[in-house]
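Coordinate inspection notes
So you can see what is in the structure, the chains are spelled out below.
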Amino acid sequence: MSDPAKTRRHAERIRELVASLVREIKDPRLGMVTVTDARITGDLRDAHVYYTVLGDQTEQAATAAALDSAKGMLRTRVGHALGLRHSPSLTFVLDNVQDNVKEIDELLAAARHRDAEVQRLAAGKQYAGDPDPYKADEDEDDEDADERVGAREDQG
């Protein structure tokens, strides 16, 4: 098991290396790839590389096939660059950022719609009780104070 800081450094280095090496791949199936993240296990043996592809499902599938076929070359080059005894095995994972963004936008729009509906229903309404239930009339306070003073004098 290695140091967590060392693991993070290696993961960041793998992300940078794979991003630069992907540009060197001459496979025509490879689309517009952006490497978004890389994570490596504590024993530095397995690395997951997250990427996005600009395009539809067929372009994403073609890019996945191209990355899978170039996996050996990428693993060798990454292993040499990192100077590790064993080159980490690379697993490419499609990161559906666009789908996540779309889902979050839909959730925010629904929340805005519900907030607007609540504001519409609350317009012109009043509270069920007094506007300030903790505020007492000064006349009542004076009478209560006089009664308490009189009660103390009677006891004393």
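Preceding this section is the structure that the text describes.
Note that the structure is a prediction, hence the values are computed from the model and not measured.

Our focus in this paragraph is helix α1 (residues 4-22). Its 19 residues give α1 an end-to-end C-alpha distance of 27 Å, which sits within 8% of 27 Å, the value for a rise of 1.5 Å per residue. Three or more residues of α1 are buried, namely Thr7, His10, Ala11, Ile14, Leu17, Val18, Leu21 and Val22. End-on, the buried residues of α1 take up no more than an arc of 135°, which puts them together on one face. Exposed residues on α1 whose side chains face more than 90 degrees from its buried face are Arg8 and Arg9. Among the structural elements, β1 (32-40), β2 (46-54), α2 (57-69), α3 (71-82) and β3 (89-94) are those in contact with the buried residues of α1.

A few words on the sheet that holds β1. The three strands lie next to each other as β1-β2-β3, forming an open sheet whose pairing is mixed. The open sheet has two edge strands with one neighbour each: β1 and β3. Adjacent strand axes in the sheet meet at a mean angle of 30°, parallel and antiparallel pairs treated alike. Note that β1 and β2 share eight bridges and pair antiparallel. Note that in β2 the partner of threonine 34 across the bridge is threonine 52. Across the face of the sheet, α2 comes into contact with β1, β2 and β3 while running at roughly 145° to β2.

Further remarks concern the side chain of histidine 10. Along the chain, histidine 10 falls in helix α1. The contacts of histidine 10, once residues within four sequence positions are left out, are Leu44, Leu82 and Leu84.

Thresholds, definitions, all that
Residues numbered from 1 in each chain as written. Predicted model: local features only at pLDDT ≥ 70, side-chain atom pairs only at ≥ 80, totals over all residues. Heavy atoms only, no water. Helix = DSSP H or I, 4+ residues; strand = E, 2+ residues; numbered from the N terminus. Expected span 1.5 Å × (residues − 1). Buried < 20%, exposed > 50% of the residue type's maximum accessible area, 1.4 Å probe, protein only. Arc of directions from axis to C-beta. Contact = heavy atoms within 4.5 Å. Pairing = 2+ DSSP bridges. Axes fitted to C-alpha atoms, helices over the stretch in contact; angles between N-to-C directions.

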